[in-house]
Amino acid sequence: RDSTMTRIGQVMEPALCALMPHAPILVPAVAGAEIVRCRRSSEACVDAATRLVGSAPDRVVLISPHAPRGDGVFGLREGPRLCGGFASFGAPEQAVDLPNDRDAARVIAAHTHGRSMPVVTIPRSPLDHGAAVPLWFLCRAGWQGPTVVIGLPWSSTPADCIAFGEMLATALAELGGRTALIASGDMTHRALPGAPAGHDPRGIVFDDAMRGLLAEGSLRQIAEIDPGLRRAAAEDSVDSTTVVAAALSFEARGAEVLSYEHPFGVGYLVAVLHDGGEP
């Protein structure tokens, strides 16, 4: 191992860590006939989830940009179970029900004590789609283990996300075992005319930049993407990915883009950030 990997080993032991999109239409029962337009992304989510479960993590930690948010604080979902579904998207039979890793949440919260950006508990409520979509794919792949969902602040700087990711790694090291990290996020919401947030050609420029950095494993540079380009793209992936990248000490092993497309004007990128391999 090189010195960077040695530092990761001392901080925490990562299982497979990935970026997954969170559009409910990627769930086949939600998409119906429209699944043909986003099948590559849906199948890539199946692939990422299968590989993640196969890496035998002791827990999964997911960073969601759509969890109920506070100003200047990260959030931890409370309650014994993490439950959600897609009834509001026309698929009430599709659901997520996982054990909340409250021991891990308690240790994570303790490590933020006295910091400039602490965590608060998110009251019990159904999972947001930022968490429910990736976790649905994990459940389909057989995951039923301890899970933590962390929400991002309303506004944060790259430095905030990096500091939180580093703190998260230290907390996970205290817990021991292998942790799979998921960054939930979509690319531009302005890829095509008629896209949900309108059309801006700079959205594709952002997506190309993000895809290139992930393909080459340049995790540190993700936090350095031009803020103006991010705003033009109306993306919600950089912050969650930066938290995971920082938790990995920006060390990518086996980084790989599994799929990218924007069939409905929103970019869907599925990528492996770090493949910890089998235990």
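Our subject is the structure that appears above.
Residues numbered from 1 in each chain as written. Predicted model: local features only at pLDDT ≥ 70, side-chain atom pairs only at ≥ 80, totals over all residues. Heavy atoms only, no water.

### Comments concerning the nonpolar core
Point 1. In terms of nonpolar packing, the biggest core is built from 47 residues, with Ile150, Leu168, Leu181, Met210 and Leu214 touching the most fellow members.
Point 2. Per-element accounting of this core gives the leading share, seven residues, to helix α6 (residues 158-175).
Point 3. In this structure leucine 168 touches Val61, Ile63, Ile108, Ile150, Leu181 and Val243, once residues within four positions along its chain are discounted.
Point 4. Counting residues in each nonpolar core, the second largest holds 41 residues, with Ile35, Phe137, Trp143 and Leu258 among its members. (Core = buried A, V, L, I, M, F, W, Y, C linked by side-chain atoms within 4.5 Å. Buried < 20%, exposed > 50% of the residue type's maximum accessible area, 1.4 Å probe, protein only. Helix = DSSP H or I, 4+ residues; strand = E, 2+ residues; numbered from the N terminus. Contact = heavy atoms within 4.5 Å.)

### Regarding the pairing of strand β8 (residues 147-151)
Point 1. Of all the five residues making up β8, five are buried; the element is thus mostly covered by neighbouring parts of the structure.
Point 2. Here β8 shows no split at all, with Thr147, Val149 and Gly151 on one side and Val148 and Ile150 on the other all buried.
Point 3. Looking at chain direction, strand β3 (residues 59-64) and β8 are connected through five bridges and run parallel. Looking across to β8, one finds that isoleucine 63 is bridged to isoleucine 150.
Point 4. Across two bridges, the pairing between strand β4 (residues 74-77) and β8 is antiparallel. Opposite glycine 75, over in β8, you have glycine 151 as the bridge partner. (Pairing = 2+ DSSP bridges.)

### Remarks on the packing of aromatic side chains
Point 1. Summed over all chains, the structure comprises two aromatic pairs.
Point 2. Here phenylalanine 74 and phenylalanine 164 contribute two aromatic rings whose centre-to-centre distance is 3.8 Å and whose plane-to-plane angle is 10°, an arrangement assigned as stacked. One end of the pair, phenylalanine 74, is in strand β4; the other, phenylalanine 164, is in helix α6, and 90 residues separate them in sequence. Residue phenylalanine 74 shares its accessibility class with phenylalanine 164, and that shared class is buried.
Point 3. Relative to phenylalanine 137, the ring of tryptophan 136 has its centre 4.9 Å away and its plane inclined at 85°; by these criteria the two rings are edge-to-face.
Point 4. With relative accessibility at 1%, the residue phenylalanine 137 sits in the buried group. (Phe/Tyr/Trp six-rings, centres within 6.5 Å; stacked < 30°, edge-to-face > 60°.)

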